[in-house]
Amino acid sequence: MTRAWLLLVGLVVVWGSHWVVVKVGLETIPAFTYGVLRLASGIVTLAVLMALSGRLRRPIPGDYPIILSYGILAVAVMIITMNLALPNIPAGRSSILAYTTPLWIVPIMAVVAHVLPKRAEIIGLVLGMAGLVLLLNPAAIDWGAEGALLGSLLLVLGAASGALAMIHVRLHKWVGTPFDAQIWQLLVALLPMTLLMLLLEGGELGAISWDLAALLAVLYSGPLATAFAFWASQMIVKALGPLTAGIGYLGAPVIGVIAGIIVLGEIITPIDIAGIAVTTSGIVVVLLAGREPRKVEGA
């Protein structure tokens, strides 16, 4: 149990500070190229770890649907929206918007699985939306600044895409284990990312200014924030349960905000603080509501 809590703390620090790392890396590496380098280095790291533990094997046909959907929706889309948004949005604000995934699960479940939201979930959703309004209003961000509003909306889109993937994870009838499928999900994500890199950026890796910051950013994003993070998240959920893990992960955007202030000199306003507090409160309410039985339409 102590090991799981230590892993949770480590994961929160890694995920939270990762927003600052990626923002620095994107100063010299194009968005899709960065995504390819992150996925490729993460895949290599995972392959070595899984081979050493005897768990590297072919994907199970029964899990093909979740490998495809999660690889595209939760990995590729979220990395793309993150990398396109970060050059124009502060790292701290970006981390908050990206971690609204639990909020979007409530309405998507109602539409896709006909699961009626509970009162607490509705309250949490309303709180979360109110927080987003605070974070996205013209007093908080300059809508006229190039990429500011679009970047924020992209991050929200990425969070909603991740929510759709998580719902599929919940509803999918697993044959293998989520951990064993993850390396294949990363490979699925790598395909469209590579195509976009070649089409939009030319794939000119040699043109990148490979200074120490760029190299460390890629090594942090791939082996640490991708390979280690996937493994650690599985261990944490298994030991502490999804509710504790979900609430614990909310420490990541807090770390992101703090890291943005300390490392990048980002400025946080009272409206930002209010938006972060209200949004986080809504997410916590939604996560806590998940402990109670649901009423299913037609049951």
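A brief look at the structure comes next. Keep in mind that this is a model prediction, so the values were computed, not measured. (Residues numbered from 1 in each chain as written. Predicted model: local features only at pLDDT ≥ 70, side-chain atom pairs only at ≥ 80, totals over all residues. Heavy atoms only, no water.)

## Observations regarding the overall build of the protein chain
Inclusion rule: Helix and strand labels come from DSSP, where a helix needs a run of H or I of at least four residues and a strand needs a run of E of at least two; each type is numbered from the N terminus. Atoms counted for the radius of gyration: C-alpha only. Globule rule: 2.2 Å times the number of residues to the power 0.38. Here the term buried applies to any residue with accessible area under 20% of the maximum for its type, exposed to any over 50%, and partly exposed to those in between, with areas from a 1.4 Å probe on protein chains only. Should any heavy atoms of two residues lie within 4.5 Å, those residues are considered in contact.
Across its full length, the protein chain carries 12 helices and zero strands. N-terminal to C-terminal, the α/β element order of the protein chain is α-α-α-α-α-α-α-α-α-α-α-α. The C-alpha atoms of the protein chain give 19 Å as radius of gyration, which agrees with the globular expectation for 299 residues (19 Å, within 12%). Seen along its three principal axes, the alpha-carbon backbone of the protein chain occupies a region of about 60 × 50 × 40 Å. Counting all 299 residues of the protein chain, 47% fall into the buried class. Relative to all contacts within the protein chain whose residues are 6 or more apart in sequence, the contacts with residues 24 or more apart total 89%.

## What about the environment of serine 95?
What counts, and what does not: In protein, a polar contact requires one atom able to donate a hydrogen and another able to accept it; more generally it is a pair of N or O atoms within 3.5 Å, and residues adjacent in sequence count only if both atoms are side-chain atoms.
Inspection of the secondary structure puts serine 95 in helix α4 (residues 91–98). Sequence-wise, serine 95 and alanine 239 are 144 residues apart; in three dimensions their C-alpha atoms are separated by 25 Å. In this structure, serine 95 is in contact with Trp19, Pro253, Gly256 and Val257, ignoring residues within four places of it in sequence. Reaching out from serine 95, the side chain makes a polar contact with the backbone oxygen of glycine 92 at a distance of 2.6 Å.

## Notes on the nonpolar core
Note the threshold: By nonpolar core we mean a set of buried residues, namely Ala, Val, Leu, Ile, Met, Phe, Trp, Tyr and Cys, connected to one another through side-chain atoms within 4.5 Å.
Counting 55 residues, the largest nonpolar core has Trp19, Ile29, Tyr34, Leu86, Leu97, Trp104 and Ile236 as the members making the most contacts within it. In terms of residue count, the dominant contributor to this core is helix α1 (residues 2–25) (10 residues). Setting aside residues no more than four positions away along its own chain, tryptophan 104 makes contact with Met129, Leu132, Val156, Ala159, Ala160 and Ala163. In terms of nonpolar packing, the next biggest core, distinct from the first, is built from 22 residues, Ala74, Phe179, Ile183 and Ala227 among them.

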